[in-house]
Amino acid sequence: MSEVINYFDEVREIVQEMGGQDITTCMQCGLCSGSCPWGRMEKESPFSIRQMIYMGRLGLEGFESDDVLYACTTCGQCVVRCPREVKIIDIVRAMRAVVCETGGIPKNLKAVLGSINSNGNPWSQDADKRTSWTAGLDIPTYTDQEYLLFVCCTSAFDGRSQKIARAIATTLQKAGVSFGIIGNEEKCCGEAVRKIGAEEEFSSLAESNIELFNSKGVKKIITTSPHCYYTFKNEYPEFGGEFEVIHYTQLFAQLLSEGKIKPSKEINKKVIYHEPCYLGRHSKVFEAPRDLLNAIPALQAMEFDKNKDDSMCCSGGGARIWMETEAGLRFSDVKVKEAMAKETNLLVTACPYCVVMLEDSLKNIDKDETMAVKDISELISESLD
């Protein structure tokens, strides 16, 4: 006797209401799954983006499991390949929103949401420690400067990533940029909250930050993270947040062209650039990071075999940075192994999530003594007089 399969059309309708209107546009060609980084892993993953969309469209049970619905890193590689230009990430987000409303999100992500709700950040740190990265530096409070420097939660609270915030801020000061920070009143930009599917919480965060920024007279924002950059630039406007947003690599490249920053100290290293998904593929900021690396004396910059739109994700996006991933299923492991095969000294990037994931992979394969991971801001800072 064959198994009875139950179809629930109302699931598809709810997904569409949540923002996944394109779920019926997909023609199930499979180019998305063929492009997905999960297919390059040593172990087989239960995740298939094509199958997940199919299950969501028919309302089949099973798509909501942690290792299916929450496997997607929202890297966008599938979107680049889709012949119908289906907004696949919007579908994933909408499907997660359906599950989030029922309280069915993974345990680790519940803790992240709880921390953001109570502390304004996902790292379970006290809100009043948001400016601890400024210790020993004379960083001005934002009043009427040209730019607000928005330091992402990772670089505000994580000890390793605080070095990135410090490098960016001190370089801005050396270049004479007019900027300030708001600090402890800020809350998380909400990018991970939206990727988790918690739309109500994201709306609350966005509205709170927009009200704060407007009350301070903010017009221009420098972000340390590509995720904050993408969120402020592309998602805050729907809540009335109209700001001029720039990622630090874009501003640094502009300052470089104007002669306001002049890397002069040699860094005699062979480096390979890892493309952050939300800076490169999502935001099309490809040249600025490379211009900065090429401006550093004695630095030899290399590329991965697949870069720019074809670059492989570190696996930290889509809130995956807070989820456990077993060995053999980490995208970042693939990246560090390829970097080592090219005999590079440094793996460089321009995203705090990428730094965390790549450093973890080097530790996992006991190669953290052989190769280091740096943010471009750290190299620029090191090369300045």
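Look up a bit, the structure's there.
Described below are features of the structure shown in this document. (Residues numbered from 1 in each chain as written. Predicted model: local features only at pLDDT ≥ 70, side-chain atom pairs only at ≥ 80, totals over all residues. Heavy atoms only, no water.)

Points about the sheet that holds strand 7 (residues 346-349)
We count it as follows: By definition, two strands form a pair when at least two bridges between them are found by DSSP. Where helices and strands are cited, they refer to DSSP runs of H or I of at least four residues and of E of at least two residues respectively, numbered from the N terminus. Angles here are taken between N-to-C directions and fall from 0 to 180 degrees, while the axes themselves are lines fitted to C-alpha atoms, restricted in helices to the stretch in contact. Any pair of residues with heavy atoms lying within 4.5 Å of one another is described as a contacting pair.
With respect to topology, four strands assemble into an open sheet ordered 6-5-7-8, the strand pairing being parallel. Taken across any chain shown, the strands that pair with only one partner, and hence form the sheet edges, are strand 6 (300-303) and strand 8 (372-375). Here the average twist between neighbouring strands, direction ignored, is 35°. When strand 7 meets strand 8, the two strands line up parallel, connected through four bridges. Bridging from a neighbouring strand, Leu347 pairs with Val373 of strand 8. Across the sheet, helix 16 (residues 352-364) touches strand 7 and strand 8, and the angle it forms with strand 8 is around 175°.

Points about the nonpolar core
Heads up, the condition is: Each nonpolar core is a collection of buried residues, namely Ala, Val, Leu, Ile, Met, Phe, Trp, Tyr and Cys, held together in the definition by side-chain atoms within 4.5 Å. Only protein chains enter the calculation, and the probe is 1.4 Å; a residue is then buried if its accessible area is under 20% of its type maximum, exposed if over 50%, and partly exposed in between.
With 132 residues, the main nonpolar core has Leu149, Leu172 and Phe213 as its most contacted residues. Tallying contributions element by element places helix 6 (residues 88-101) first for this core, with eight residues. The contact partners of Leu172, leaving out residues within four places of it in the chain, are Leu149, Val177, Phe179, Ile222, Leu251, Phe252 and Leu255.

Quick look at the environment of Asn234
With respect to the helices, strands and loops of the structure, Asn234 is situated in helix 12 (residues 226-235). The exposure class assigned to Asn234 is partly exposed, which follows from its relative accessible area of 40%. Along the sequence, Asn234 and Val245 sit 11 residues apart, while their C-alpha atoms lie 9.6 Å from each other.

So, the packing of aromatic side chains
Put simply, the rule is: Any two of the Phe, Tyr and Trp rings considered here, Trp counted by its six-membered ring, make a pair once their centres fall within 6.5 Å; the pair's planes then place it as stacked at under 30 degrees, edge-to-face at over 60, or tilted in between.
By the definition in use, this model includes 12 aromatic pairs. For the pair Phe202 and Phe239, a centre-to-centre distance of 5.6 Å together with 70° between the ring planes defines the contact as edge-to-face. Of the two residues, Phe202 is situated in helix 11 (residues 199-216) and Phe239 in the loop between helix 12 and strand 4 (244-247); the sequence distance between them amounts to 37 residues. What makes Phe202 buried here is its relative accessible area of 0%. Plain terms: the ring middles of Tyr248 and Phe252 are 5.1 Å apart, the flat faces sit at 75° to each other, and that makes the pair edge-to-face. Of the two residues, Tyr248 and Phe252 are both situated in helix 13 (residues 248-257); the distance of four residues between them amounts to about one turn of the helix.

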